[in-house]
Amino acid sequence: MSAAFRIIPAHDPSVQIEFEVPIKGRQNPIFFTVPKLQYFPRPQEDEFQAYLKDLPAEERLDDAKVVTKLLEMFVPKYFEQLSKLTKGELTQISEHWYSVSQVSIPESSASATS
């Protein structure tokens, strides 16, 4: 008998992303942890999808704008300070969050043999 397949739970540290954000005028940086994109709790996933649906198409491409919404949802304790970050700083957060969240999809056997 084979062992049961054990899923990785959303609270597992391996599906969390840690950030350190230095803030001018603040002695200590802000540290926070967020889930990888595919591990959002259902209420936040629904809220984020509704936000994207209502956002004009050209604004969906604005990494800084989109990540600001995610920070509002997942880091409310520090949102006031994080919302003042520059577009470049917000883009760094967005790019890292997105890149670490990527899941590689194995090639299908048909494409692997062609």
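Just above, that's the structure.
The rules behind these values
Here, residues in each chain are numbered from 1, in the same order as that chain's written sequence. Side-chain atom pairs in this predicted model are given and counted only at pLDDT of 80 or more, local residue features only at pLDDT of at least 70, and totals for whole chains, interfaces and linings cover all residues. Note that water and hydrogens are dropped before the side-chain values are worked out from all heavy atoms of the structure. When a carboxyl oxygen of Asp or Glu lies within 4 Å of a side-chain nitrogen of Lys or Arg, that pair is called a salt bridge. Think of it this way: any DSSP run of H or I at least four residues long counts as a helix, any run of E at least two long counts as a strand, and we number them from the N terminus. In this scheme, a helix's expected span is set at 1.5 Å multiplied by one less than its residue total. Exposure classes here rest on a 1.4 Å probe applied to the protein chains alone. A residue is buried below 20% of its type maximum, exposed above 50%, and partly exposed in between. Residues count as neighbours in contact if any of their non-hydrogen atoms are within 4.5 Å of one another. Any pair of N or O atoms that falls within 3.5 Å is considered a polar contact. Within protein, one atom must be able to donate a hydrogen and the other to accept it, and sequence-neighbouring residues count only if both atoms are side-chain atoms. The pairing criterion for strands is at least two bridges between them, as found by DSSP.

Visitor: Before we move on, can you summarise the pattern of salt bridges with the specific residues and values?
Guide: Throughout the structure, instances matching the rule amount to 5 salt bridges. A salt bridge links Glu47 to Lys69, with the shortest nitrogen-to-oxygen separation between them at 3.3 Å. A residue pair is termed long-range when its members are at least 10 positions apart, and Glu47 in helix α1 (residues 42-54) and Lys69 in helix α3 (residues 63-74) qualify at 22 residues.

Visitor: Break down α3 for me, with residues and values.
Guide: In a regular helix each residue adds 1.5 Å, so 12 residues correspond to 16 Å; α3 covers 16 Å between its end C-alpha atoms and thus fits that length. For α3, the complete set of buried residues consists of Ala64, Val66, Val67, Thr68, Lys69, Leu70, Leu71, Met73 and Phe74. Where α3 is buried, its residues contact β2 (30-35), α1, α2 (57-60), α4 (79-82) and α5 (87-101). Looking at where α3 begins, the residue whose side-chain oxygen comes 3.1 Å from the main-chain nitrogen of Ala64 is Asp62.

Visitor: Could you give an account of the pairing of strand β1 (residues 16-21), with specific residues and numbers?
Guide: Two faces, one strand: in a regular strand the side chains alternate between the faces of the sheet. Only one face of β1 is buried: it carries Ile17, Phe19 and Val21, and the other face, with Gln16, Glu18 and Glu20, is open. For β1 and β2, the ladder comprises 6 bridges, and the chain directions are antiparallel. Counted as the bridge partner of Glu18 is Thr33 from β2.

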